[in-house]
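Spelled out, the chains give:
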Amino acid sequence: MARVSLLLVAMCLLSGCATTSQLPRSGSMDLPTWLTQPSAILEKDAPVNLHMTCPAHLAQFCDRYKLPAWVVYGVVRCLGADDFVVNGVFRRFSITDEYGEDNVVVDKLHYDVGRRRIERRLASIARAVGEADTELDRMNVLGSYVRRRFGAFVLFSLDHADAMQAAPENFTNLLLETGECLDGMERFDRDYVAGLDLHPGWTETRDYYQVVQAGDFGYGNPMASFRRTEEEAIHELARSMVVKFSHLQRQFSTARSIDDAVQEDAVREEIVLRMRGVRVLRRVIDPGRRVCLVTVRVPRNGVARK
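Presented here is an overview of the structure given in this document.

Here we take up the overall build of the chain. Helix and strand counts for the chain come out as nine helices and 14 strands. Expressed as a percentage of the 306 residues in the chain, the buried residues total 46%. Within the chain, contacts between residues at least 6 apart in sequence are counted, and of these 70% link residues at least 24 apart. With the model as given, the accessible surface of the chain reaches about 15,900 Å², and the carbon-plus-sulfur share is 49%.

Rendered as structure tokens:
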């Protein structure tokens, strides 16, 4: 892949631009540390773009509750960080002959945040917006869910909204601010990224399961790139859990002899898992290679059969 040297211009983000043009060729990019190295209190929050469109699988909620897409997406992502259910089907086909054993693995995966949990939270937000007397009051309702802001990119937080409702005198509505970011920044360039020594793949320890996922990075909308890669990382984490747990119990198995020299074996399992406490620990970009890396982790005691 050809190397591209670009710098994300902060002023473009501050004005809410979705694309960049005439970028300096410095080969580096600055992003706020609340996005790239979230502290423990921020790991379950969801970065979103205020101008994002509603993802197709959430369109029913956007239509029903008449809330901005970033609110609907943020609610689902934050609820999923606490608890979601994985439905998986694992199939393995093995053929053994005089030359050895060949294995083919097929898996289908679907994971969901509980619909009732989503609707309960969205209904509460929609009700508060509907009861607001003025446009400023409505903006304050939505703004209470914004913990950080970087231009048009914000950090959506259910916990922050709950805290602000309990202590409204401490509330600053970032939706009404310029979007200028005064938080600490992390600068990414080729040498810096090489020194981070991050490698895509799966890690399992006595305390947690972890996936580092690589994805394509687009300069026009960095948050969308991270969002896609985070979703792929969570999917890979869930898929790996299904494969891992599939070795613990076999619900259906057949074995037959094709002839005296060949043995065929088929294993099929249906697995339902509950995953609690999924956290995004790290977001990294490699500007030269147009790649972003996202680290997602779940504690071992956060994964169980349902």
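What follows picks up the thread again.
Counted by the stated rule, this structure contains 20 salt bridges. The partner of Arg77 in a salt bridge is Glu230, and the shortest N-O contact between them spans 2.7 Å. Of the two residues, Arg77 is situated in helix α4 (residues 69-82) and Glu230 in helix α9 (residues 222-246); the sequence distance between them amounts to 153 residues. Among the residues examined, Arg77 registers a relative accessible area of 15% and is labelled buried. Where Arg300 meets Glu204, a salt bridge forms, and the shortest distance between an N and an O atom there is 3.0 Å. Of this pair, Arg300 sits in the loop between β13 (291-299) and β14 (303-305) while Glu204 sits in strand β8 (residues 201-204), and the two are 96 residues apart along the sequence. On the basis of relative accessible area, Glu204 is assigned to the partly exposed category, the value being 37%.

Let us now look at the environment of Phe153. Looking at where Phe153 falls in the secondary structure, it is placed in strand β6 (residues 153-156). Judged by its relative accessible area of 2%, Phe153 falls in the buried class. With 118 residues separating them in the primary sequence, Phe153 and Leu35 have C-alpha atoms 9.8 Å apart.

On to the state of the cysteines, then. Counted according to the given criterion, the structure contains one disulfide. Bridging Cys54 to Cys62, the disulfide has an S-S length of 2.2 Å. Taking the torsion about the S-S bond as the criterion, the Cys54 to Cys62 disulfide, at about 85°, is right-handed.

So, about the environment of Glu204. Once the C-alpha coordinates of Glu204 and Pro299 are considered, the two residues, 95 residues apart in sequence, prove to be 9.9 Å apart. Apart from the residues within four sequence positions on either side, Glu204 is in contact with Tyr209, Lys244 and Arg300. Looking at Glu204, its side chain comes within polar contact range of the side chain of Lys244, at 3.0 Å. One polar contact links Glu204 to Arg300, side chain to side chain, over a distance of 3.0 Å.

About the thresholds
Residues numbered from 1 in each chain as written. Predicted model: local features only at pLDDT ≥ 70, side-chain atom pairs only at ≥ 80, totals over all residues. Heavy atoms only, no water. Helix = DSSP H or I, 4+ residues; strand = E, 2+ residues; numbered from the N terminus. Buried < 20%, exposed > 50% of the residue type's maximum accessible area, 1.4 Å probe, protein only. Contact = heavy atoms within 4.5 Å. Areas by Shrake-Rupley, 256 points an atom, 1.4 Å probe, with all protein chains shown as cover. Salt bridge = Lys/Arg side-chain N within 4 Å of Asp/Glu carboxyl O. Disulfide = S-S within 2.5 Å. Polar contact = N/O pair within 3.5 Å; in protein donor to acceptor, adjacent residues only side chain to side chain.

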